[in-house]
Amino acid sequence: MTAPAPPRPLRPPSVERLLTEAAAPLAERYGRQALTHALRAVLAAIREGRAAPAAEAAPLLARAQGLLEAENAPSLRPVFNLTGTVLHTNLGRAPLPPEAAEAVAAVMLQASNLEFDLARGERGERDDHVEALICRLTGAEAAVVVNNNAAAVLLVLNALALRKEVIVSRGELVEIGGSFRVPDVMARAGCRLREVGTTNRTHLKDYAEAIGERTGLVMKVHQSNYAIHGFTAEVEEAALATLCAERGVPFAVDLGSGNLIDFSAYGLPPEPTVRAVLAHSDLVTFSGDKLLGAVQCGIVAGRADLVAKVRKNPLKRALRVDKMTYAALAAVLRLYLHPERLHERLPALRLLTRERAAILAQAERLAPEIAARLAGRAAIGVEPCMSQIGSGALPVETLPSACLALRPPEGSGRKGEGAWLKRMAAALRALPVPVIGRISEGALRLDLRTLEDEAGLLASLDALNA
């Protein structure tokens, strides 16, 4: 008897056959060229043994469609920030109000007067769209906008102290997110750092002894993302401003967070305002997307003659922002002109000022809804927690809040708890609108301080059982 011949391997249809016979809807939706590329990738995976063979068109087209959907899905997506950090650096910092989104939409789809003076009919200055607002809200004489606060500091240093010394207290040589350090920024700006004082104590005489013919600028860096406790001393800005004025040296403050209002009036930890700092300095640099609650940008505000030098610096063009940034920033700044309703209309401030009682009531209301969607997957409890104001702005300041604490289902024991928490966190990140929480004290915690779209969260969680 002869052995039966082995079955012949399935031969998938050719790319041309798939394109001509069954792929018209996909070609119409994604384009023939993109579909051809996806089909070739599907067939290559079969030839290389990375995918199961198929002789029919339907499964092959389904695989190609999956590739095309993944390819066309946006990488930058909305998420639910339930980490407990309101101004989260990695999650886009401050959410924008509807007014800002509408202002951006109005200028992004057609031509605009970005650098055109409509009254005079000639070339204009793009900073004009926000400069008057910034000056009104801060007391500055003039202002310019660049793409972030690090750029603002770099521009000030390069414009005012190129090839000169910049005096900074040793205790203020900070590192910000992404391992960017103040000394490195100074070096790139073409300045020479002159450290004074010690890590924990700096006195006025330290600055006085350091100022000399080579001094281009004295800079103070606000401690917005760190704190030094214990045996400490620092020079008040008013005293340092007087010294600099006597010596004829500009005095600049890197405020970082860019607060425009008195936080203590809202029950929040006090933070110096730009106006208060400008009362004792020549220039202030600050961010637009932290405590200010607007879009990412950096702002330089202060003396008109110094701002003019900053504006004329060639780096200003390299660091400038586009029309959408100006539109969003102007819309947010205009909200500050109505301070009585600011805490309602500015999302960042609204989230920061939520009362724990309201958040706790929200958690108790949502707990059974979410428990039903996670039945058999997790045990859910409502617990008090502490929110963080920001990861780059006031990271040491916390606010009382409430969270939903997710733990392994009852009866599963503590073995493998860490692996379960990681799997659950990954499952929430894979939702149509990803849910980002934080793992602490043996639970995946969903801090509800920043949750305003309850229906959206529940709809996204429905996908776990789809």
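What counts as what
Residues numbered from 1 in each chain as written. Predicted model: local features only at pLDDT ≥ 70, side-chain atom pairs only at ≥ 80, totals over all residues. Heavy atoms only, no water. UniProt positions renumbered as here; feature names shortened; annotations may be inferred. 1 Å grid on protein atoms, 1.4 Å probe; cavity = no way out; pocket = protein on both sides within 12 Å on 5 of 7 lines; lining within 4 Å. Points joined across faces, edges and corners; volume = space filled by probe spheres on them. Helix = DSSP H or I, 4+ residues; strand = E, 2+ residues; numbered from the N terminus. Nonpolar A, V, L, I, M, F, W, Y, C, P; charged D, E, K, R; others polar. Buried < 20%, exposed > 50% of the residue type's maximum accessible area, 1.4 Å probe, protein only. Arc of directions from axis to C-beta. Contact = heavy atoms within 4.5 Å.

Taking an unreviewed UniProt entry as the reference, the chain is identified by name as L-seryl-tRNA(Sec) selenium transferase belonging to Methylobacterium organophilum. In the Subcellular location (unreviewed entry) part of its UniProt record, the chain is described as follows: "Cytoplasm". What UniProt records for the chain under Pathway (unreviewed entry) is the sentence "Aminoacyl-tRNA biosynthesis; selenocysteinyl-tRNA(Sec) biosynthesis; selenocysteinyl-tRNA(Sec) from L-seryl-tRNA(Sec) (bacterial route): step 1/1."

Describing the layout of surface pockets
Size it by volume and the second largest pocket reaches roughly 720 Å³. Taken together, 27 residues form the lining of the second largest pocket, with Val 79, Asn 81, Leu 91, Arg 93 and Pro 95 sitting closest to its centre. The element best represented in the lining of the second largest pocket is helix α16 (residues 347–352), accounting for 3 residues. Partitioned by chemical class, the residues of the lining of the second largest pocket number 16 nonpolar, 5 polar and 6 charged.

Considerations on helix α10 (residues 237–247)
The set of residues buried in α10 consists of Leu 240, Ala 241, Leu 243 and Cys 244. Buried residues along α10 cover an arc of 160° about the axis, so they all sit on one side. For α10, the exposed residues set more than 90 degrees away from the buried face come down to Ala 245 and Glu 246. Check the buried side of α10 and you find it contacts α9 (204–210), β10 (215–221) and β11 (251–256). Of the residues trailing α10, Gly 248 is marked for its positive phi of about 70°.

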